[in-house]
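Overview (structure and organization)
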Amino acid sequence: MDALEKYDLENDEVVGKPKFEITDTSSATWAMRKYRALAAKDDEIKRVALEQKESIDKWQEDKLQANQDSRGFFEGLFADYLAKLRQDDPKARIDTPFGTVSTRKTPAGVIWEDATVIKSLEDQGLDDLISVKKSPDKKQIKKEFHFANGRYVNDDGQMISGATRKESTESLVVKPTKEKLL
């Protein structure tokens with residue numbers, strides 16, 4: 001933010017008054033300077049916040065990794081103790097007032113590599129085992145159909161249900177020029 005933009009923000013008395021009105025190029029230029037100064041202030045706030053977020057994220061990542069390492073250490077101790085207990089009782093578990101330790105079996109299954117499976121099915125002519133996702137080709141439909149009397153029809157009179165007209169809208173776009181750094 002340059003000195004002129006800082007000055008514009010510090011002398012912000014006119015913006016608070018609801019009677020200000022842009023009446024000519026000079027007042028529009030003044031308003032655009034104010035607008036640019038506010039945009040530059042937004043950029044500065046975002047930059048500072050990003051710097052702080054990166055620092056906090058790094059701190060959080062370091063602390064969480066240290067906790068994960070410690071949990072891994074304790075999980076190893078639990079696993080060793082549970083293995084000792086299971087020598088006498090194959091269904092043993094560790095049960096404390098603060099939590100339990102046990103094991104869970106994961107059933108056997110299939111690990112899919114979709115692209116390879118699809119190619120294999122196609123090569124063997126098993127296309128009926130491949131599902132196909134259908135979706136309308138909207139680009140082509142727009143070329144062939146148009147709205148007539150509230151209906152989406154083509155030149156042959158065929159009508160498509162499920163397509164409704166969206167009216168065009170106009171919105172205000174303010175684009176202040178970016179400050180150029182030397």
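Before reading on, note that the structure itself is shown above.
Residues numbered from 1 in each chain as written. Predicted model: local features only at pLDDT ≥ 70, side-chain atom pairs only at ≥ 80, totals over all residues. Heavy atoms only, no water.

A word on the overall build of the protein. Scanning the protein for helices and strands turns up four helices and five strands. Along the protein, from the amino end to the carboxyl end, the secondary structure elements read α-α-β-β-α-α-β-β-β. Taken over C-alpha atoms, the radius of gyration comes to 33 Å for the protein, far larger than the 16 Å a tight globule of 182 residues would show. For the protein, the spread of C-alpha atoms along the three principal axes comes to 90 × 65 × 35 Å. Per-residue burial over the protein gives 9% buried out of 182 residues. The averaged location of the 35 negative side-chain charges in the protein is 2 Å from the averaged location of its 32 positive side-chain charges. (Helix = DSSP H or I, 4+ residues; strand = E, 2+ residues; numbered from the N terminus. Rg over C-alpha atoms; globule rule 2.2 N^0.38 Å. Buried < 20%, exposed > 50% of the residue type's maximum accessible area, 1.4 Å probe, protein only. Lys, Arg positive; Asp, Glu negative; His and termini not counted. Charge placed at Lys NZ, Arg CZ, Asp CG, Glu CD.)

Okay, the sheet that holds strand β5 (residues 159–160) next. Reading across the sheet, the three strands line up as β3-β4-β5 and stay open at both edges, with antiparallel pairing between neighbours. Across the chains shown, the open sheet's two edge strands, defined by having one partner strand only, are β3 (145–148) and β5. Relative to strand β4 (residues 151–154), β3 runs antiparallel, the two sharing four bridges. Bridging from a neighbouring strand, alanine 148 pairs with arginine 151 of β4. (Pairing = 2+ DSSP bridges.)

If you walk through the whole model with that rule in mind, you get three salt bridges. The shortest N-O distance in the salt bridge between glutamate 51 and arginine 47 comes to 3.0 Å. In this pair, glutamate 51 and arginine 47 are both assigned in helix α2 (residues 25–88), four residues apart and thus about one turn of the helix distant. The partly exposed category is assigned to glutamate 51, whose relative accessible area is 41%. We classify arginine 47 as partly exposed; its relative accessible area is 44%. A salt bridge links aspartate 123 to lysine 119, with the shortest nitrogen-to-oxygen separation between them at 3.2 Å. (Salt bridge = Lys/Arg side-chain N within 4 Å of Asp/Glu carboxyl O.)

Take the pairing of β4 next. Linking β3 to β4, which pair antiparallel, is a turn of two residues; within it asparagine 149 sits at a positive phi near 55°. Sheet topology note: the β4/β5 ladder contains two bridges and is antiparallel. In the sheet register, valine 153 faces β5, and the bridge partner there is methionine 159. Hairpin connection from β4 to β5: four residues lie between these consecutive antiparallel strands, with glycine 157 at a positive phi of about 90°.

A separate point is unusual backbone geometry. Within the chain, asparagine 149 stands out as a residue other than glycine whose phi angle is a positive 55°. Mapped onto the elements, asparagine 149 comes out in the loop between β3 and β4.

The grouping of Phe73, Phe74, Leu77 and Phe78 at the surface amounts to a nonpolar patch, some 400 Å² of accessible area in total. Within the fold, phenylalanine 74 resides in helix α2. (Patch = residues over 30% accessible without salt bridge, like charges linked within 9 Å, V, L, I, M, F, W, Y side chains within 5 Å. Areas by Shrake-Rupley, 256 points an atom, 1.4 Å probe, with all protein chains shown as cover.)

Function cannot be inferred from these measures alone, as they are strictly geometric.
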